[in-house]
Amino acid sequence: MKTPIIILTAICTTAVIPLQAQEKSDTIQYVSGEVVVTGTRNKTDIRHLPMTVSVVGRQQIERTHTPSLLPVLTERIPGFFNTSRGIMGYGVSGGAAGSMNLRGISSSSGGLMVLIDGHPQYMGIMGHPIADAYQSLMADRVEVLRGPASVLYGSNAMGGVINIVTRKMQEDGVKTNVNLGYGSYNTLQTEATNRVHKGRFTSIVSGSYNRTDGHRPDMDFEQYGGYAKLGYEISDAWSVRADVNVTHFNASNPGEITDPLLDADQRITRGMTSFALENHYEKSSGALSFFYNWGKHWINDGYTANPDDDDFPKNYRFNSRDRMTGISWYQSAQFFKGNRLTTGVDYYHFGGEAWNRTLSGERIPQVDKVQDEIAGYVDFRQNIGSWLTIDAGLRFDHHSQAGTEWIPQAGLSFRLPKNADIKLMASKGFRYPTIREMYMWAPANPNLKPEQIWNYEVAFSQRLCDGRLTYGINIFYIAGKNMIMTTFVNGNPLNVNTGQVNNAGVEAQTAYRISSVWSIDANYSYLHMKRPVVAAPEHKLYVGGLFTQGRWSVSTGLQYIAGLYKSLAPAETENFVLWNLYGSFRAARWLDIWVRGENLLAQRYEINAGFPMPKATVMTGININL
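Residues numbered from 1 in each chain as written. Predicted model: local features only at pLDDT ≥ 70, side-chain atom pairs only at ≥ 80, totals over all residues. Heavy atoms only, no water.

A. Region of interest: the overall build of the protein. A tally of regular secondary structure across the protein gives five helices and 34 strands. For the protein, whose C-alpha radius of gyration is 24 Å, the value lies close to the compact-globule estimate of 25 Å for 626 residues. Each principal axis of the C-alpha distribution contributes one length, and for the protein these read about 70 × 60 × 55 Å. In the protein, which comprises 626 residues, the proportion classed as buried is 57%. Taking the intrachain contacts of the protein between residues at least 6 apart in sequence as the baseline, contacts between residues at least 24 apart amount to 62%. Looking at the protein as shown, the accessible area adds up to about 25,200 Å², and 60% of this sits on carbon and sulfur atoms. Of the side-chain charges in the protein, 58 are positive and 55 negative, and the distance between the mean point of each set is 6 Å. (Helix = DSSP H or I, 4+ residues; strand = E, 2+ residues; numbered from the N terminus. Rg over C-alpha atoms; globule rule 2.2 N^0.38 Å. Buried < 20%, exposed > 50% of the residue type's maximum accessible area, 1.4 Å probe, protein only. Contact = heavy atoms within 4.5 Å. Areas by Shrake-Rupley, 256 points an atom, 1.4 Å probe, with all protein chains shown as cover. Lys, Arg positive; Asp, Glu negative; His and termini not counted. Charge placed at Lys NZ, Arg CZ, Asp CG, Glu CD.)

The structure is reproduced here in structure tokens:
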């Protein structure tokens, strides 16, 4: 009991003593004029939104020099945590990491949605995002909406959304960047990006190659990535853009340390493309967009070295192909002073096929299904004077098999004297059952109903010292029903809507810009779960600092994790402290030399049960800007 009290005391203290705020492009949740698009389809001052939105900017992403976006989100977003099993790569299938968890709602079950420029990204059959597809090279910023976002984004946004806003060249000219790094366990990371802005035309083209031997035998990982985006301003009010992103990775699963696997290999390809026609007038803005996601998976689940084991070499390999096609339209308009009305329509067509291919070439079908989701929504926001904003939204969503859902939300935002804000929010989230849950393997049940939760939240924030000091705290309660669980019915496993969710918690964050060269920030989250889940820590604390002067930039952070369930049967929890350090030196106008050290306290810990994490690791490299 002493640990939570000590942590809460420290956080409350940092709310009133000089702590740091980072530069505007870094993680600052409560900034006057901070504009976000995730809590609403149109660009909106964050202070007018009743929901909790956190932002991680491009400078913070670049400072860590990590190919994946997830590590920086785990540090910077209170209530967010992702699983990991090694120095690089997450993998899929058995032993995989990369599960994202927000307030006890997990992406592995499809309850947390990843978006790229507002377009859903998840595996069409399994219904969950693929962590290795979300690379830093494409992101200008990441906006995380903590809490249900189903009114705007439908199913899978039950626990929140992670919206990757892609990069765009702002000023005229041509810029090229090359980043190379090498470090522990023969780990190599490379990235090259070219950005162009000439007149009304913009483009960005990026490519990457990353690999590692891993800190355990048979844990190598290799990844190829590419991203391209083209944009053109037809007029002052109309523009078009199109992009494509492809990631291929080869991953190996060494198995649990006490029961290692042989030949557990995966070859995975994920891709997405989109096209959007956008308009932006003084009192109206909107977009019509088309997107297409696809994936191809080849998985060898491996075998133990024991010839008496039932898994001793399988005579087949699992294969799947999935796809998701979507069309989205929305238009937002201001009809009178202080008003904003947004209406939209979404249509998703998703699914795929899975099969086992025997070593003799025989194809054994598993599933071949497609489903549809069509929805319409409206979101109404009204400012009353300069001190109050009312927000209300409603979505009608129909699934071709699971039926129809009505999703409401409502909230209030109060702007108080001395740059203080109070927000109240009540919102419903839901998730349709996936094709896997309805049709694949022994527990399959085609009669499943959607999962449902209600989230109730109150938040307070304030800016002091001319905006140099910011702090905020929010309290939430989540109640859910119809959660899909596997139970035994008549002696056989079956997926049924029998689970419940009762989660409550507190999240706090603070930042202070001490001077032009020094800044520090901190965030903390406490999560109480009546029914614990894997990878949702009870306590998560991060304290970081940044020093920038002349050619030098050094940032560091301590992260404390306690009450992390790494498995439920048997129940096993983990506590650990991680110290990471990032530094760079500008050797020339065009050259930076950087270094990254992780787990510098050499902690022995596990996030996935049976998969010990590496102790201290170091990467160093160069960043070339032309």
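B. Quick look at the environment of Ala192. For Ala192, the position within the fold is in strand β12 (residues 187-198). Expressed as a C-alpha distance, the spacing of Ala192 and Tyr432, which sit 240 residues apart in the sequence, is 39 Å. If we ignore the near neighbours within four places in the chain, the residues touching Ala192 are Asn177, Val178, Val205, Ser206 and Gly207.

C. Main features of a nonpolar patch on the surface. A surface patch of nonpolar side chains, amounting to about 700 Å² of accessible area, comprises Phe275, Leu288, Phe290, Ile327, Trp329, Val345, Tyr347 and Ile374. Put simply, the parts of the chain that give the nonpolar patch at least two residues each are β19 (284-299), β20 (316-333) and β21 (339-358). Positionally, Val345 belongs in strand β21. Overall, Val345 belongs to the partly exposed group, its relative accessible area being 40%. (Patch = residues over 30% accessible without salt bridge, like charges linked within 9 Å, V, L, I, M, F, W, Y side chains within 5 Å. Salt bridge = Lys/Arg side-chain N within 4 Å of Asp/Glu carboxyl O.)

D. Looking closely at the side chain of Asn523. Relative to the helices and strands, Asn523 resides in strand β29 (residues 518-529). On the basis of relative accessible area, Asn523 is assigned to the buried category, the value being 2%. Within the structure, Asn523 has its side chain in polar contact with the backbone oxygen of Glu75 (distance 3.0 Å). (Polar contact = N/O pair within 3.5 Å; in protein donor to acceptor, adjacent residues only side chain to side chain.)

E. Seen up close, the packing of aromatic side chains. Counted according to the given criterion, the structure contains 14 aromatic pairs. Positioned above the aromatic ring of Phe476, the side-chain terminus of Arg103 is 4.3 Å from the ring centre. Here the guanidinium or amino end of Lys369 rests over the ring plane of Tyr439, the centre of that ring lying 4.5 Å away. (Phe/Tyr/Trp six-rings, centres within 6.5 Å; stacked < 30°, edge-to-face > 60°. Lys NZ or Arg CZ within 6 Å of the ring centre and 35° of its normal.)

F. Just the sheet that holds strand β7 (residues 113-116), in detail. Here we have five strands laid out as an open sheet, ordered β3-β9-β10-β7-β8, and mixed in their pairing. Taken across any chain shown, the strands that pair with only one partner, and hence form the sheet edges, are β3 (52-57) and β8 (119-121). This sheet shows a mean twist of 25 degrees between the axes of neighbouring strands, independent of strand direction. Pairing geometry for strand β9 (residues 139-146) and strand β10 (residues 160-166), over seven bridges, is antiparallel. Note on β10: the bridge partner recorded for Val142 is Ile164. (Pairing = 2+ DSSP bridges. Axes fitted to C-alpha atoms, helices over the stretch in contact; angles between N-to-C directions.)

G. Local environment of the pairing of β12. Across 11 bridges, the pairing between strand β11 (residues 173-183) and β12 is antiparallel. Across the sheet, the residue bridging to Val178 is Ala192, located in β12. Where β11 hands over to β12, the hairpin turn is made up of three residues, of which Tyr185 adopts a positive phi near 60 degrees. Two strands pair when backbone bridges link them, and β12 and strand β13 (residues 201-212) are joined in this way by 11 bridges, in the antiparallel orientation. When the bridges of β13 are listed, Thr193 appears paired with Ser206. Hairpin connection of β12 to β13: two residues between the antiparallel strands, including Gly199 at a positive phi of 65 degrees.

H. Examining the pairing of β10 more closely. Extensive coverage of β10 is indicated by the burial of seven of its seven residues. Taken together, the four bridges between β7 and β10 define a ladder with parallel strand orientation. When the sheet's bridge partners are listed, Met113 is paired in β10 with Val161.

I. Quick peek at the pattern of salt bridges. A full pass over the atoms with the stated rule returns 24 salt bridges. The residue Asp213 makes a salt bridge to Arg211 at a minimum N-O spacing of 2.7 Å. On the accessibility criterion, Asp213 (34% relative accessible area) is partly exposed. Put simply, Asp322 and Arg270 hold a salt bridge, and the shortest N to O gap is 2.7 Å. Separated by 52 residues along the polypeptide, Asp322 in strand β20 and Arg270 in strand β18 (residues 265-280) bring together distant segments of the chain. Each of Arg103, Arg146, Glu457 and Glu507 takes part in salt bridges that share partners, so that together they form one network.

J. Examining the side chain of Arg596 more closely. Turning to its location among the elements, Arg596 is positioned in strand β33 (residues 591-598). Judged by its relative accessible area of 5%, Arg596 falls in the buried class. Looking at Arg596, its side chain comes within polar contact range of the main-chain oxygen of His65, at 2.3 Å. Within the structure, the side chain of Arg596 is placed 3.5 Å from the side chain of Gln189, a separation counted as a polar contact.

K. Looking closely at the nonpolar core. By size, the foremost hydrophobic cluster in this structure holds 28 residues, and its most contacted members are Leu70, Leu73, Phe80, Met100, Val142, Ile162 and Ile164. Secondary structure elements with two or more residues in this core: α3 (70-76), β5 (100-102), β7, β9 and β10. Those residues within four positions of Leu70 in sequence are excluded, and the remaining contacts are Phe80, Asn82, Tyr90, Gly98, Met100 and Ala131. Judged by nonpolar contacts, the second largest core, of 23 residues, contains Ile46, Leu115, Ala149 and Tyr330. (Core = buried A, V, L, I, M, F, W, Y, C linked by side-chain atoms within 4.5 Å.)

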